[in-house]
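Chain residues, written in single-letter form:
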Number of protein chains: 4
Amino acid sequence: MSNYTYLKEAVYEANMEIPREQLAIATFGNVSGVDRAAGVMAIKPSGVPYHRLRVEDIVVLDLNNVVVEGTMRPSSDTKTHALLYRSFAGIGGVCHTHSTYAVAWAQALLPIPNLGTTHADHLTVAVPVTDVMSDEMILRDYETETGHQILDLFSRGSLNPEEVEMVLVACHGPFTWGKDPAKAVYNSVVLEEIAKMAYLTLQLNPAATAIKQSLCDKHYFRKHGKDAYYGQGC
Amino acid sequence: MSNYTYLKEAVYEANMEIPREQLAIATFGNVSGVDRAAGVMAIKPSGVPYHRLRVEDIVVLDLNNVVVEGTMRPSSDTKTHALLYRSFAGIGGVCHTHSTYAVAWAQALLPIPNLGTTHADHLTVAVPVTDVMSDEMILRDYETETGHQILDLFSRGSLNPEEVEMVLVACHGPFTWGKDPAKAVYNSVVLEEIAKMAYLTLQLNPAATAIKQSLCDKHYFRKHGKDAYYGQGC
Amino acid sequence: MSNYTYLKEAVYEANMEIPREQLAIATFGNVSGVDRAAGVMAIKPSGVPYHRLRVEDIVVLDLNNVVVEGTMRPSSDTKTHALLYRSFAGIGGVCHTHSTYAVAWAQALLPIPNLGTTHADHLTVAVPVTDVMSDEMILRDYETETGHQILDLFSRGSLNPEEVEMVLVACHGPFTWGKDPAKAVYNSVVLEEIAKMAYLTLQLNPAATAIKQSLCDKHYFRKHGKDAYYGQGC
Amino acid sequence: MSNYTYLKEAVYEANMEIPREQLAIATFGNVSGVDRAAGVMAIKPSGVPYHRLRVEDIVVLDLNNVVVEGTMRPSSDTKTHALLYRSFAGIGGVCHTHSTYAVAWAQALLPIPNLGTTHADHLTVAVPVTDVMSDEMILRDYETETGHQILDLFSRGSLNPEEVEMVLVACHGPFTWGKDPAKAVYNSVVLEEIAKMAYLTLQLNPAATAIKQSLCDKHYFRKHGKDAYYGQGC
């Protein structure tokens, strides 16, 4: 019997959204969740196709990457997830995919500009993109350093990870997070959609500019914060 | 028991077309319908995923946004729908989505030119795009003002809302309408398709120009008006 | 009882391929078939959604557009189909759709260049595009004149309709044909795919040029003619 | 009874992945597998639609293209597959498709640059593209010469077919291979995805450059070779 059944089920369900939402082919994505009281995270095992994944395959680790439960090898990106949990105290789930349009922006080394209300409903700034990692960092502890690239970017840009729940890692692809695993993968769905919308917008009009601040704030704050009136308030 | 079962069922069915036709991810769309004799409109509740939506969740309001029936909060875009019903006497349904190509045109701040017969089968002019809203309007009563942006555009352009059943709201996305909720969502499907066709056409040939008037009229009037011969005449 | 059950069933089945192959949204496509011995053609009724279409709805007409069997109004494009049957003696089915990429080329007023073997497997020349129709022709007998535009194009270009089974009508979209209704709709599927491939190729490399003649001929003649060795020879 | 049931089943299953993964329309793809101990290969019969394909239709041949078992004509591309098996001793399956984005690159006569980690997870170099075949080769023995174009390209570029399991044949489309038929078709799925990602990246940023060598190697070697730590190590 597992002590982490609830967490493993939540992580399993969130991972299964990846193929359903066509966020990645093959095994190119992974979702994790954290139980802060228990001091553990749960994550997809490495290289297992989604259609073969079972709840009992989900690997449980402490936040220093030591396996607590499970017989399979955890996702090769586990250290990135772990660092995000250690650094962003308010998040409960992390999702990494290779969704097509988000990867294109990451490979183009360009942030995704905030061009409209679909984007502004979720964040008020461009989706940031990290620098390309230095050779030293790549050779040292690659997956942990991937997390540091994200942390440095958020620190330098004074970005709040509870307001900006998505990032592009240069030459690689998106990481998203949220209050739980389901919200993390939801943010990956949103990111892929706004990545596609921004791509098409700039193909139509290369001079398209960011949404004006007042309209951006209106949309963001009708969905977030104490005066939000979108949704059912729960 | 509801006095508005028929209306709520029609609105429910039309909303369920949004995910079936891939017009929006998540909850990014809403359809309403009006019963002019009863003086009420019905609309999707705010933020409810389509796969959880039930007929009984549909909210009924009068045309001044006062809830008449239903326990859920109505769509955050309800005031826009209501203003359209108050102003466009001939329409019976309104649909708002964030469909990808239509949003791209709205974010590019460009009307969709009428480049061929697929477009001309439905309207004889470009799909119009509103101005970007002023800061004053955004701060005042945003959703009602979104409706006013549409009304002003139609007024200035002398557009007949029974002939032009679709519009792009700048930096935001499409609104469409029609004689009933099903026709409103049908128009959103058509709009997304002509938005994609026009995008591809201009990528192939940036000098592509609008369809000639005689061909445009031929297609429009074989489907609309007293001499129409498309369809089964009912 | 119908005397044309076989023909109506074949036409029904071919029409149902249109939504399955995503060749058109809504009702934007129609397939017909001809029984030359009986002197009749059968075609989809106008404006009927595919999911409501039944075999008994298929309309049978003689080749001068007089209804022989059926209570519904035939496709508004019937006269175009009929003229093609009267003029192209070797064809047994015709398909018209508004498939997205083929329409884009038609709206761009550009023939689809033969850029590779997928195209050359089916025809050795560019997919031709008609001129834009004159105002006189549009006002006279639009659907018959659409057929004349196709015939004139094939005549001027010395194109053999049994070798070139597809055409783009300017500002409108594709017509394809073949030995029977199933082959006609198959050619629409192929056309949409080569239209997309050519679009992407030219976006990647605007200087891309047509496939060399020897490679084109090799591919065409391994599938067609007396020395063909593709398929099972039946 | 067949002596090659296992091989035919594996080849059948891999071929059925082509429509499932939308790698080709109609019949535009074929997968084969080899049993090196038995000295035979098995391949899809020519021109048979996937939904009609049965295990017993798979054709078994020796590596000189002589049919050993089966009543149907093998794929017209059989000689290309056979030459690859004779020349690349380490491969067990070959897949050829006309997947849309890979074909676009092949028609553009451009290698697919290695722009990010999705690509680098699978190979460290650009996906190579052959020269256009000479008229002499086309007329001589086209399908065998297609194989020679691939071999020459790998020889000139000092490419190892166990490290670079994919190639674009100019003006034609992709061939991929792997340790077995399933891996060969998996590589076609990956190729189509990286072809699309690279297309989008260059549309966004025409100046995008290849991934840096250290990052490329990190991703490749965490999945391949003796120090790999991706997957479950089996």
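Residues numbered from 1 in each chain as written. Chains lettered and ligands numbered in written order. Predicted model: local features only at pLDDT ≥ 70, side-chain atom pairs only at ≥ 80, totals over all residues. Heavy atoms only, no water.

Under an unreviewed UniProt entry, the name given to chain A is L-ribulose-5-phosphate 4-epimerase, and the source organism is Dyadobacter sandarakinus. Recorded under Cofactor (unreviewed entry), the UniProt text for chain A is reproduced unchanged: "Zn(2+)". (UniProt positions renumbered as here; feature names shortened; annotations may be inferred.)

Asks: Explain the relation of the copies chain C and chain B here, please?
Replies: Related by rotation about an axis and a shift along that axis, the two copies of the chain form a pair. Overlaying chain C with chain B gives an RMSD of 0.0 Å, the required rotation being 90° about an axis along which the chain moves by 0.0 Å. The operation mapping one copy onto its partner corresponds to a four-fold rotation axis. Minimal C-alpha distance to the rotation axis in chain C is attained by Q203 of chain C, lying at 5.6 Å. When the interface residues of chain C are mapped onto chain B, a mere 6% of them are again interface residues, pointing to distinct binding faces. (Least-squares fit on C-alpha atoms with pLDDT ≥ 70 in both. Contact = heavy atoms within 4.5 Å.)

Asks: Can you help me understand the interface of chain C and chain B in this one?
Replies: Size of an interface: often given as the accessible area lost when the parts come together. Opposite the 33 residues of chain C that make contact, chain B presents 34 residues. Interface of chain C and chain B: buried area, both sides summed, is about 2,900 Å²; carbon and sulfur atoms make up 57% of it. Counting across the interface, chain C meets chain B through three salt bridges. Of the charged contacts in the structure, one is a salt bridge between K212 of chain B and D135 of chain C, with a shortest N-O distance of 2.9 Å. At the junction of chain C and chain B, the tally comes to 19 residue pairs in polar contact (both at pLDDT 80 or more). Looking at the side of chain C that touches chain B, the elements that each hand over two or more residues are α3 (100-107), α5 (135-156) and α6 (181-204) of chain C. No other element matches α3 of chain C, which puts six residues into the side of chain C that touches chain B. (Buried area = accessible area lost by both parts, 1.4 Å probe. Salt bridge = Lys/Arg side-chain N within 4 Å of Asp/Glu carboxyl O. Polar contact = N/O pair within 3.5 Å; in protein donor to acceptor, adjacent residues only side chain to side chain. Helix = DSSP H or I, 4+ residues; strand = E, 2+ residues; numbered from the N terminus.)

Asks: Is there a simple way to explain the relation of the copies chain A and chain B in this structure?
Replies: After a rotation of 90° and a shift along the axis of 0.0 Å, chain A superposes on chain B with an RMSD of 0.0 Å. Both copies present different contact surfaces, since only 6% of the interface residues of chain A are interface residues in chain B too.

Asks: Any chance you could explain the side chain of E193 of chain C here in plain terms?
Replies: Assignment of secondary structure puts E193 of chain C in helix α6. It is K196 of chain C that comes nearest to the buried, bridge-free E193 of chain C among opposite-charge side chains, at 6.4 Å. Those residues in contact with E193 of chain C that sit more than four places away from it in its chain are I25, H98 and T100 of chain D. (Buried < 20%, exposed > 50% of the residue type's maximum accessible area, 1.4 Å probe, protein only. Lys, Arg positive; Asp, Glu negative; His and termini not counted.)

Asks: Sorry if this is basic, but what is going on with the sheet that holds strand β5 (residues 93-97) of chain C here?
Replies: All names here are of chain C. Strand order across the open sheet formed by seven strands is β4-β3-β2-β1-β5-β7-β6, with antiparallel pairing between neighbours. Among the strands making up the open sheet, the edge pair consists of β4 (67-69) and β6 (166-169). Taken over all neighbouring pairs, the strand axes of this sheet differ in orientation by 25° on average, direction set aside. Strand contacts of α5: β6 and β7 (173-178), with the helix running at about 120° to β6, the strand carrying the most contacts. (Pairing = 2+ DSSP bridges. Axes fitted to C-alpha atoms, helices over the stretch in contact; angles between N-to-C directions.)

Asks: Whenever I open this one, the packing of helix α6 (residues 181-204) of chain B against α3 of chain C confuses me. Can you help?
Replies: Where α6 of chain B contacts α3 of chain C, the axes come no closer than 8 Å and their chain directions differ by 50°. On the basis of their axis angle, the class for α6 of chain B and α3 of chain C is oblique. Handedness of the crossing formed by α6 of chain B with α3 of chain C: right-handed. Mapping the contact onto sequence places E193, K196, M197, A198, L200, T201 and L204 of chain B in α6 of chain B and T100, Y101, V103, A104, W105 and Q107 of chain C in α3 of chain C. Here the contact of α6 of chain B with α3 of chain C is composed, by residue class, of eight nonpolar, three polar and two charged. (Parallel < 35°, antiparallel > 145°, perpendicular 65-115°, else oblique. Left-handed = near helix turned anticlockwise from the far one by under 90°. Nonpolar A, V, L, I, M, F, W, Y, C, P; charged D, E, K, R; others polar.)

Asks: For this particular structure, what's the right way to read the sheet that holds strand β7 (residues 173-178) of chain D?
Replies: Within a sheet, neighbouring strands are paired by backbone hydrogen bonds and run either parallel or antiparallel to one another. Residues and elements named next belong to chain D. Sheet architecture is open: seven strands sit in the order β4-β3-β2-β1-β5-β7-β6, paired in antiparallel fashion. In this open sheet, the two edge strands, each paired with only one partner strand, are β4 (67-69) and β6 (166-169). Pairs of neighbouring strands in the sheet enclose a mean axial angle of 25°, with direction left out of account. Both strand β2 (residues 40-43) and strand β3 (residues 59-62) contribute to a ladder of four bridges, which runs antiparallel. When the bridges of β3 are listed, I43 appears paired with V59. The strands touched by helix α5 (residues 135-156) within the sheet are β6 and β7, with β6 carrying the most contacts at an inclination of about 120°.

Asks: Just checking my understanding: could you explain the pairing of strand β2 (residues 40-43) of chain C for this structure?
Replies: Along a regular strand, successive side chains alternate from one face of the sheet to the other. Residues and elements named next belong to chain C. Where burial is concerned, the two faces of β2 agree: the one with V40 and A42 and the one with M41 and I43 are both buried. Direction of pairing for strand β1 (residues 29-35) relative to β2: antiparallel, over a ladder of four bridges. If you follow D35 over to β2, its bridge partner there is V40. Adjacent in sequence and paired antiparallel, β1 and β2 are bridged by four residues, among which G39 carries a positive phi angle near 70°.

Asks: Where do I start with the packing of aromatic side chains in this structure?
Replies: Two aromatic rings are characterised by how far apart their centres lie and by the angle between their planes. This structure, assessed with the given rule, holds 20 aromatic pairs over all chains. Between the aromatic rings of Y220 of chain B and F221 of chain B, the centroid separation amounts to 5.2 Å while the plane-to-plane angle is 85°, which identifies the pairing as edge-to-face. Through successive ring pairs, a cluster of aromatic residues spans F88, F154 and W177 of chain A. Stacked on the ring of Y230 of chain C, the Lys or Arg K223 of chain C has its end atom at 4.2 Å from the ring centre. (Phe/Tyr/Trp six-rings, centres within 6.5 Å; stacked < 30°, edge-to-face > 60°. Lys NZ or Arg CZ within 6 Å of the ring centre and 35° of its normal.)

Asks: What am I meant to see in the interface of chain A and chain B here?
Replies: On the side of chain B, 33 residues touch chain A, which itself brings 34 residues to the contact. When chain A packs against chain B, close to 2,900 Å² is buried across both sides, 57% of that on carbon and sulfur atoms. Linking chain A to chain B there are three salt bridges. The salt bridge partner of R222 of chain A is E143 of chain B, with a shortest N-O separation of 2.6 Å. Inspection of the chain A/chain B interface yields 19 residue pairs in polar contact (both at pLDDT 80 or more). Secondary-structure elements contributing two or more residues to the side of chain A that touches chain B are α4 (117-120), α6 (181-204) and α7 (213-223) of chain A. A per-element tally of the side of chain A that touches chain B places α6 of chain A first, with twelve residues. A class-by-class count of the residues in the side of chain A that touches chain B yields 15 nonpolar, twelve polar and seven charged.

Asks: Got a minute to help me understand the environment of A37 of chain C in this structure?
Replies: Looking at the element boundaries, A37 of chain C is found in the loop between β1 and β2. For the pair A37 of chain C and R52 of chain C, spaced 15 residues apart in sequence, the C-alpha to C-alpha distance is 30 Å.

Asks: What is the right way to read unusual backbone geometry from this model?
Replies: Peptide bonds are trans in most cases, and residues, glycine excluded, mostly fall at negative phi. Unlike most non-glycine residues, L109 of chain A shows phi in positive territory, near 60°. As for its position among the elements, L109 of chain A is in the loop between α3 (100-107) and α4. Classification of L109 of chain A by relative accessible area gives partly exposed; the value is 40%. Here the phi dihedral of C171 of chain D falls at roughly 65°; this positive angle occurs in a residue that is not glycine. Along the polypeptide, C171 of chain D turns up in the loop between β6 and β7.

Asks: I would appreciate a short explanation of the arrangement of the chains in the present structure.
Replies: For the non-touching pair chain A and chain C, the nearest C-alpha separation works out to 11 Å. With respect to C-alpha atoms, chain B approaches chain D no nearer than 11 Å, and the pair has no contact.

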